[in-house]
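Below, each chain spelled out in residue letters.
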Amino acid sequence: MKPKQMIIAEIGSVHDGSFGNACKLIEAAAQCGADAVKFQTHIAEAETLPQAPAPAYFQGEPRFSYFQRTAFSETQYRALMTVARENKVLFLSSPFSLEAVDFLENIGMAAYKIPSGEVTNLPLLEKIASTGKPVLLSSGMADWDEMDRAVNALQNGGPLTVMQCSSRYPCPPEKVGLNVMLEMGRRYPEAVMGYSDHTLGLAAPVAAAALGARVIEKHFTFSRLMYGSDARHSMEPAEFSQLTAALREVWSILDHPVDKSRSDEYAEMKRIFEKSIVLAAAIPAGTILTRAHLQFKKPGDGIRADRVASVLGKKTTKPLPAQHTLTYEDLE
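Below you will find a few notes about this structure. (Residues numbered from 1 in each chain as written. Predicted model: local features only at pLDDT ≥ 70, side-chain atom pairs only at ≥ 80, totals over all residues. Heavy atoms only, no water.)

## Quick look at unusual backbone geometry
Look at the link from Y169 to P170: it is a cis peptide, with omega at -5°. Here P170 shows up in the loop between strand 6 (160–164) and helix 8 (178–187). A cis amide bond links K298 to the next residue, P299, at an omega of 0°. You can see P299 is positioned in the segment after strand 10 (294–297). Phi is positive for K88, close to 60°, though the residue is something other than glycine. Looking at the element boundaries, K88 is found in the loop between helix 4 (74–86) and strand 3 (90–95). Taking the relative accessible area as the measure of exposure, K88 reaches 74% and is therefore exposed. (Helix = DSSP H or I, 4+ residues; strand = E, 2+ residues; numbered from the N terminus. Buried < 20%, exposed > 50% of the residue type's maximum accessible area, 1.4 Å probe, protein only.)

Here you go:
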C-alpha cells in the first residue's frame, strides 16, 4: 500500500470503549467517503506508567485507566476489521508500544500509522520497519533532526508516507505549517507527502491536497459532544462528507492538467463569444480599408479581431454592405 490518494477517518478512541460505537463509526466513515479508518492500539501496562500526566485538553480520567477501559480484545479487533472490509475501507491502527505491534501483527494489520509521540521511539520504529508493511509517519511535535532519524529508521521497511501534523488540539490556522509539508516533500523525495489535520474546519486539509498531499487524515466523530480525548476536536459526519467531496474534487483537478496549447474543445465557444471584423458602413469596390471602416463584433466566425493588421491597407474587390463580416475573399 503506497497510496496514490487516501482519506483517513481517525476514529482513535472516540468510541470510548464501546464496541458497538466503534462498528457504527466505521460504517459512518465509509458512508462519508473515507478510504480508511484508523484506530489506536493502547496496551496501558506496556506504554505508560500509572502516574503519567494527562494532556491539558483531556483531564476527564487518568490516562492509564482510560487506556485500559477503552481497549478492545483481539476478537473485537478482528470483528472491527471485518466491519471495515464489508464497508470497503482499509483498517489501520496506531501502535503505542512494542507489544501493540505484536498484537497488530497477530491480527494481520496491513499498514501502520506512527503517531506523533512515537517519532523518537526508535525501537518501535525499527520493529515496525521489520514487518515490511507500509508506514504513515506523523511529524507532530518532532523537529527536523528527530524526523531525519525516524525516516532513516524506517527506510528499510515498506513504502513510507510522511505527514505534516501540528500537535495542537485544536490547531489554529497559523500553526498548520503547510510549508513544513512542502519541505518534507523536498527532504524525503522517496516518501508520499501527506497531512494529518487537527484544525476544526476543512480549509487546511483542502489546501494541503492542493499543494500536493496525497494522504489526508482527519479526526472523525458522531458528535463533538461525545466524551473522550478527541471528540471535541473531530469532524462530524455531515462535515466529513463535505471534506471528502472537496478533496476528491481537488485531486481530480490536479490529476487532469489542461493543455493550454490547444483550444479545439472551445471551438464552438470561441465562435459564439469572440469578435470578428465587420464593416461599420457600406463601402464601394476598390475601397482601401482603414481603421475607421472597421468594427469588432460577435460572432467569431469571420476574420478574428486579433488579425486586424492583416486587412488594414487592403483593397475591397466588390461593394460591401454595412455590418458585413469581412472575409479574405472580399480583399485583394
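## Observations regarding the environment of V192
Mapped onto the secondary structure, V192 falls in strand 7 (residues 192–197). Judged by its relative accessible area of 10%, V192 falls in the buried class. Linking V192 and M226, residues 34 residues apart in sequence, is a C-alpha distance of 33 Å.

## Examining the packing of helix 7 (residues 144–154) against helix 8
With their axes 13 Å apart at the nearest point, helix 7 and helix 8 run at an angle of 45° to one another. On the basis of the axis angle, helix 7 is oblique to helix 8. When you trace helix 7 past helix 8, the crossing you get is right-handed. Facing W144, M147 and D148 of helix 7, the residues of helix 8 in contact are V180, E183, M184 and R187. Classifying every residue of the contact of helix 7 with helix 8 by side-chain character gives 4 nonpolar, no polar and 3 charged. (Axes fitted to C-alpha atoms, helices over the stretch in contact; angles between N-to-C directions. Parallel < 35°, antiparallel > 145°, perpendicular 65-115°, else oblique. Left-handed = near helix turned anticlockwise from the far one by under 90°. Contact = heavy atoms within 4.5 Å. Nonpolar A, V, L, I, M, F, W, Y, C, P; charged D, E, K, R; others polar.)

## Quick word on the environment of P159
Here P159 shows up in the loop between helix 7 and strand 6. Overall, P159 belongs to the partly exposed group, its relative accessible area being 31%.

## Let's talk about the pairing of strand 8 (residues 215–219)
Most of strand 8 sits out of view: 5 of its 5 residues are buried. Of the two faces of strand 8, the one carrying V215, E217 and H219 and the one carrying I216 and K218 are both buried. Bridging between strand 1 (residues 6–12) and strand 8 involves 5 bridges; their strand directions are parallel. Across the sheet, residue I8 finds its bridge partner in strand 8, namely E217. Judged from the 4 bridges that link them, strand 7 and strand 8 form a sheet pairing that is parallel. Residue G194 lies in a different strand from strand 8, and its bridge partner there is V215. (Pairing = 2+ DSSP bridges.)

## Remarks on the packing of aromatic side chains
We describe a pair of aromatic rings using the distance from one ring centre to the other and the angle between the two ring planes. Here the structure, examined in full by the defined rule, presents 8 aromatic pairs. Ring centres of F19 and F72 lie 6.2 Å apart, and the angle between their planes is 85°; on these two criteria the pair is classed as edge-to-face. Of this pair, F19 sits in helix 1 (residues 19–31) while F72 sits in the loop between helix 3 (63–70) and helix 4, and the two are 53 residues apart along the sequence. Measuring from centroid to centroid gives 6.3 Å for F72 and Y77, while their planes differ by 75°, and the two rings are edge-to-face. Here the two residues F72 and Y77 agree in accessibility, since each one is buried. Site record: aromatic cluster; members linked through ring pairs are F19, F39, F72, Y77, F91 and F103. (Phe/Tyr/Trp six-rings, centres within 6.5 Å; stacked < 30°, edge-to-face > 60°.)

## Observations regarding the nonpolar core
Judged by nonpolar contacts, the single largest core of 67 residues is most densely connected at I26, V37, F39, F91, L137 and Y195. When residues of this core are assigned to their parent elements, the largest contribution, 7 residues, is made by helix 1. Sequence-distant contacts of Y195, defined by excluding residues within four places in its chain, comprise M163, Q164, V176, L178, M181, A204, P205, A208, A213, V215, I216 and E217. Within the second largest apolar cluster, 10 residues are counted, among which are I277, L279, L289 and L320. (Core = buried A, V, L, I, M, F, W, Y, C linked by side-chain atoms within 4.5 Å.)

## Overview of helix 9 (residues 203–210)
Within helix 9, the full set of buried residues consists of A204, P205, A208 and A209. Along the axis of helix 9, the buried positions cluster into a sector of 135°, meaning they face one direction only. The secondary structure elements touched by the buried residues of helix 9 are helix 8, strand 7, strand 8 and helix 10 (237–255). Positive phi appears at G212, one or two residues downstream of helix 9, with a value of about 120°. (Arc of directions from axis to C-beta.)

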